Amino acid sequence: MKAFFRSALLAATGFAVGAALTLSHPAFSAKRAQDKGLPLEDIQLFADVFGSIKNYYVDEVSDSKLIEYAIKGMVSELDPHSSYLDKKAFKDLEESTMGEFGGLGIEVTKDPQGVLVVSPIDDTPAARAGVLAGDIIVRLDGKSTADLSLNQNVKRMRGKPGTKIKLTIARKGSAKPIVLEITRDIIKVRSVKSKALADHLGYIRISQFQEHTWEDVAEALQKLNASGNLKGLVLDLRNNPGGLLDAAVGVCAAFLPKGALVVSTRGRDKEAERSFNAVYADYDTGKSSRDTIAQLPAITKTVPIVVLVNTASASASEIVAGALQDHKRATIMGTKSFGKGSVQTILPLRMNKGETTGIKITTARYYTPSGRTIQAKGITPDIQVDDTPEGNYPSFNLRESDLANHIESSDTEKAREKPMKEEARESEDDTPETTPSLRYKFGDEKDFPLQQAVARLLGKRVVTHADVSRAMKEKRMREKAENDGKDQKDKAGKP
């Protein structure tokens, strides 16, 4: 419970709202809100509505249900990441931070059309069935998802392991809805995978940040350096929806000097203002017996690194990418990340019958070491690289900035923002109309972005987004010229 209340992720089977980075500060939980005067007229309006429903609604509704509905509406209308947690939701939240839970294995958020998939989790039923980031789940077992809350849809997706559920999916590039039948399972997430690459390079993939992630990364680095000749590293954060802040800080600590600033948080309340540095006290989740990061060889502080990100890299993964980018410890490569830069705090509540409930509300924004806010902006890669040599896979390209009621940057931050680079702006609208033919799993021999990361580490030419975009335009021009020539030839042959 200690790690859960220090920092928690609302994860998987659609439970997370946009891959929310979630903290819980005891000071928040213990402190009562100061009474600044009750809005009596508004409370009277609430009482009038409550009484009208009690007296005239077609079916009788209990007082406790009406109060619960009011709380849910009050919290959920604040922003996409704030929500009321009933007993089951509170328990599911705790289970998901420990890396094992029941369901499908997808990270989702609410969308006007239904449920938006932020990311499928590696090696889960949803990933194996072919669910992709950017998919919109419009029906569950034939019933519409659009008019239900995220938590209601999540409850429908959860169930006993071995039971089946049918997902109807809208996917960009597909003219017809895609129907997938998925068997629920106990989701045991292995958050870190690693392997040695040719030319003394290493590859580490983090699918999400859990209690033991930084320890697993430390172990992977020890193995990769066993030969004493690690010359470069690819850190893969694609489709990583985020997770525990402590774990993200620990991963950064493996590559940054001891004590280096990783991330800071700022909010309206003093308790929300904190700095997290590359020190054991800031990444100890309470589950480790020793600081394995401190025992890493010196090479991990200097080895060249390429970090891979994409539109489904969110929250804690953006913290890692932003910190390594600001400290100039890594080259960030891929496509612009999701833009989830706000902090949610879990406030446990005690309600009737001894049931623990709570609310999850946004209390701060987080900032990279240089003071950048990622909220609704994301991390822009140093080198933009597409999914394939034929461009990016079609998706709805929904990010934090597209979500209803998303938290904006402050006026001061907006004034400091620089206009988006032309290349970055073009990449937003350069997704091909058809799906590229190349398919691969992250980390395999066909993985195009991984190939470009390796090329970067070896000092070879990288095929960038600009290269792919130029090649695609030239191909379209050639095809148009050929078709025009064919049309003229056909016309010339007509009597």
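Read on for an overview of the structure. (Residues numbered from 1 in each chain as written. Predicted model: local features only at pLDDT ≥ 70, side-chain atom pairs only at ≥ 80, totals over all residues. Heavy atoms only, no water.)

## With respect to unusual backbone geometry
Argument step 1. Although it is not a glycine, H200 sits at a positive phi angle of roughly 60°.
Argument step 2. Relative to the elements of secondary structure, H200 occurs in the loop between β12 (192–197) and β13 (201–206).
Argument step 3. Within the chain, S315 stands out as a residue other than glycine whose phi angle is a positive 55°.
Argument step 4. Take S315: it is sitting in the loop between β17 (305–309) and α11 (316–326). (Helix = DSSP H or I, 4+ residues; strand = E, 2+ residues; numbered from the N terminus.)

## Re helix α8 (residues 213–224)
Argument step 1. Over its twelve residues, α8 runs 16 Å from end to end, which matches the ideal 16 Å to within 8%, given 1.5 Å per residue.
Argument step 2. Among the residues making up α8, those that are buried are T213, W214, E215, V217, A218, A220, L221 and L224.
Argument step 3. Against the buried residues of α8 lie β12, β13, β14 (232–236), α9 (245–253) and α10 (280–283). (Expected span 1.5 Å × (residues − 1). Buried < 20%, exposed > 50% of the residue type's maximum accessible area, 1.4 Å probe, protein only. Contact = heavy atoms within 4.5 Å.)

## Quick look at the environment of L201
Argument step 1. As for its placement among the helices and strands, L201 is situated in strand β13.
Argument step 2. By relative accessible area, L201 is classed as buried at 4%.
Argument step 3. Expressed as a C-alpha distance, the spacing of L201 and V234, which sit 33 residues apart in the sequence, is 7.8 Å.
Argument step 4. Other than its neighbours up to four places away in sequence, L201 contacts A196, L230, K231, G232, V454, L457 and L458.

## Considerations on a nonpolar patch on the surface
Argument step 1. On the surface, a nonpolar cluster with roughly 490 Å² of combined accessible area is contributed by L45, V49, I53, Y57 and V58.
Argument step 2. As for its placement among the helices and strands, L45 is situated in helix α3 (residues 40–56).
Argument step 3. L45 sits in the exposed class, given a relative accessible area of 53%. (Patch = residues over 30% accessible without salt bridge, like charges linked within 9 Å, V, L, I, M, F, W, Y side chains within 5 Å. Areas by Shrake-Rupley, 256 points an atom, 1.4 Å probe, with all protein chains shown as cover. Salt bridge = Lys/Arg side-chain N within 4 Å of Asp/Glu carboxyl O.)

## Some remarks on empty space enclosed by the protein
Argument step 1. Following the criterion strictly, the structure yields one cavity of 30 Å³ or more and no others.
Argument step 2. In this structure, the largest cavity encloses a volume near 40 Å³.
Argument step 3. Taken together, R238, V309, N310, G334, T335, V385, D386, D387 and P449 make up the lining of the largest cavity.
Argument step 4. For the lining of the largest cavity, the class distribution of residues is three nonpolar, three polar and three charged. (1 Å grid on protein atoms, 1.4 Å probe; cavity = no way out; pocket = protein on both sides within 12 Å on 5 of 7 lines; lining within 4 Å. Points joined across faces, edges and corners; volume = space filled by probe spheres on them. Nonpolar A, V, L, I, M, F, W, Y, C, P; charged D, E, K, R; others polar.)

## Details of the pattern of salt bridges
Argument step 1. By the definition in use, this model includes 15 salt bridges.
Argument step 2. The partner of K193 in a salt bridge is D123, and the shortest N-O contact between them spans 2.2 Å. Here K193, found in strand β12, pairs with D123, found in the loop between β6 (114–120) and α6 (125–129); they are 70 residues apart in sequence, far enough to count as distant.
Argument step 3. Relative accessible area serves as the criterion here: at 26%, K193 is assigned to the partly exposed category.
Argument step 4. Among the charged side chains, a salt-bridge network with shared partners connects D122, R205, D236, R238 and D447.

## Overview of the pairing of strand β18 (residues 331–334)
When a strand is regular, its side chains alternate between the sheet's two faces.
Argument step 1. Residue alternation in β18 divides its side chains into two sets, T331 and M333 and I332 and G334, and both sets are buried.
Argument step 2. The pairing of β17 with β18 spans four bridges and is parallel. Of the residues in β18, the one forming a bridge with V307 is I332.
Argument step 3. Taking the sense of rotation as the criterion, the β-α-β connection linking β17, α11 and β18 turns out right-handed.
Argument step 4. Pairing between β18 and strand β21 (residues 383–384): two bridges, direction parallel. By the bridge assignment for β21, G334 is matched with Q384. (Pairing = 2+ DSSP bridges. Right-handed = clockwise from strand over helix to strand, strands pointing away.)

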